[in-house]
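# Fold and contact review
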Amino acid sequence: MKPLKLISVLVVGALGLGVGVGVGVGSARASAVAGETPPAIPAASNSAANPALPVEGRFPALSGATTWLNGPALTPSGLHGKVVLVDFWTFSCINSLRPLPYLRAWAAKYQAQELVVIGVQSPEFAFEQRLDNVRDALASHAISFPVAVDNGHRIWNAFQNEYWPAIYLIDAEGRIRYHRFGEGDYDQTERAIQALLVEAGASGVEQNLVSVHGTGAEAAPDWDNVKSPETYLGYARTERFASPGGAVQDTRHTYTAPTPLDLNDWALSGEWTMGAEATTVRKAHGRLLFRFHARDLHLVAGPSTHGSTLHFRVLIDGKPPGSSHGADTDEQGNGTIDGQRLYQLIRQKAPIDDRTFEFEFLDPGVDVFAFTFG
């Protein structure tokens, strides 16, 4: 797990595989402003609490949100008497997207018992602060529950949160009773929801568990075959960049790609500018290559000019992906960059092996931020 870095007011954390707290945890040390100490969550009495769900603290304020979507602003006092699930996420993070089918299912299943699901959109990249991008993500992922836009990471700090994704359950008395960092343990989380609803006196709480099947980027990962780490493509945090001569920072430069690449190495070919957060293709037919081992390959990317639609083509081991294409490509590997988001480019059929992925940009002006896998 990596410490949180700060660029201006932007929290830049590390996503990918966590260590010790669950597979698929994105790690980030909570500190939204240099030198600011996050406020401590006050301790709470454990009286009358289910011992299986000990009291972990009080429900912090939600007033730090820069705005609310899908409804009016919510407050702990206004939510008193209800069980509340708070999910910290960010819309271009694959680890944040894969739990969404469960969140939607729980919000629907326990609506009659007045479970309140709240998403806290806490950005990692600068483009995740744009409200139009957040609204597009809510529409794309059919998110209808309330979402607090936490561009200043004030809610993040109030919870002393460190991870994308992170789920907190608050009981009807306003006490934090459960948390889960990272993907997984969905059955355990739902059992905790049920226990808190029963404790609050809700009737008709079903004891069965939801069954969900995510599609596209929301599909469950194939952890047994993930041998490639999340890889950032800006010079501030990149690793294993293999183009000869290394990165030329903040300057348009012509790169070449070595052949072959070692596993988890990446390279550029053509004219690019490598910035701290993103790398931008400057001339048509620039190429981005990665030697990877995973079922799924995703790229966080977007047009440099907001609103543009740009074209690309992908290859695996020099060939079109065919039936191994992702949700954002066709069998010939063709696709478009039409917004700032995560793109699923490859979903391989078995057997999964080391492969060389090649992304050719048919138009200039695309920013690339990170590869993620699943």
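Everything below is about the structure printed above this text.
Residues numbered from 1 in each chain as written. Predicted model: local features only at pLDDT ≥ 70, side-chain atom pairs only at ≥ 80, totals over all residues. Heavy atoms only, no water.

### Side note on the sheet that holds strand S4 (residues 57–58)
The criterion, for reference: When DSSP finds two or more bridges between two strands, those strands count as paired. Put simply, DSSP H or I for four residues or longer makes a helix, DSSP E for two residues or longer makes a strand, and each gets a number counted from the N terminus. By definition in these notes, contact holds between two residues if any of their heavy atoms fall within 4.5 Å. Axis definition: a line fit to C-alpha positions, over the contact stretch in the case of helices; interaxial angles, taken between N-to-C directions, run 0 to 180 degrees.
Strand order in the open sheet formed by seven strands is S4-S11-S10-S6-S7-S8-S5, with mixed pairing between adjacent strands. Taken across any chain shown, the strands that pair with only one partner, and hence form the sheet edges, are S4 and strand S5 (67–69). Here S4 pairs with strand S11 (residues 175–181) via two bridges, running antiparallel. Bridge pairing in S11 places Gly57 opposite Ile176. Contacts from helix H3 (residues 131–140) reach S5, strand S6 (84–89), strand S7 (116–121) and strand S8 (147–149) within the one sheet, and its direction differs from that of S5 by about 25 degrees.

### Quick notes on the nonpolar core
Soluble globular proteins tend to bury their nonpolar side chains together. As a reminder, the rule being used: Take the buried residues of types Ala, Val, Leu, Ile, Met, Phe, Trp, Tyr and Cys, join any two whose side-chain atoms come within 4.5 Å, and each joined set is a nonpolar core. Three exposure classes are used, based on accessible area relative to the maximum for each residue type with a 1.4 Å probe and protein chains only: buried under 20%, partly exposed in between, and exposed over 50%.
Formed by 42 residues in total, the largest nonpolar core has its most connected members in Leu85, Trp89, Trp106, Leu115 and Ile193. When contributions to this core are tallied by element, the ones reaching two or more residues are S6, helix H1 (94–97), helix H2 (100–109), H3, S8, strand S10 (166–170), helix H5 (186–199) and strand S22 (366–373). When residues of this core are assigned to their parent elements, the largest contribution, five residues, is made by H5. Residues within four places of Ile193 in sequence aside, it is in contact with Leu85, Trp106, Tyr110, Leu115 and Leu169.

### Overview of the environment of Ala236
Tracing the backbone through its elements, the reader meets Ala236 in the loop between strand S12 (231–232) and strand S13 (252–255). Using a relative accessible area of 48% as the deciding quantity, one classes Ala236 as partly exposed.

### Topic: the layout of surface pockets
The cut-off we apply is this: Both cavities and pockets are sets of points on a 1 Å grid over the protein atoms alone; in a cavity a 1.4 Å probe fits but cannot get out, in a pocket the set is open with protein on both sides within 12 Å along at least five of seven lines, and lining residues sit with an atom within 4 Å of a point. Grid points are joined across faces, edges and corners, and a volume is the space filled by probe spheres set on the points. All amino acids are sorted into three groups, where Ala, Val, Leu, Ile, Met, Phe, Trp, Tyr, Cys and Pro are nonpolar, Asp, Glu, Lys and Arg are charged, and the leftover types, Gly among them, are polar.
Considered as a void within the structure, the largest pocket measures approximately 450 Å³ in volume. Taken together, 22 residues line the largest pocket, and the ones lying closest to its centre are Ala137, Ser140, His141, Arg341 and Leu342. Of all elements in the fold, only H3 and strand S20 (341–347) reach the threshold of two or more residues within the lining of the largest pocket. The leading source of residues in the lining of the largest pocket is H3, at four residues. Looking at the lining of the largest pocket residue by residue, the class counts come to seven nonpolar, 10 polar and five charged.

### Looking at the pattern of salt bridges
Inclusion rule: We define a salt bridge as a side-chain nitrogen of Lys or Arg found within 4 Å of a carboxyl oxygen belonging to Asp or Glu.
Applying the stated criterion to the full structure yields 20 salt bridges. Notably, a salt bridge pairs Glu190 with Lys109, separated by 2.9 Å at the nearest N-O pair. With Glu190 in helix H5 and Lys109 in helix H2, this residue pair connects regions lying 81 residues apart in the sequence. Among the salt bridges present, the one from Asp132 reaches Arg130, with a minimum N-O distance of 3.0 Å. Residue classification places Arg130 among the partly exposed positions, given a relative accessible area of 35%.

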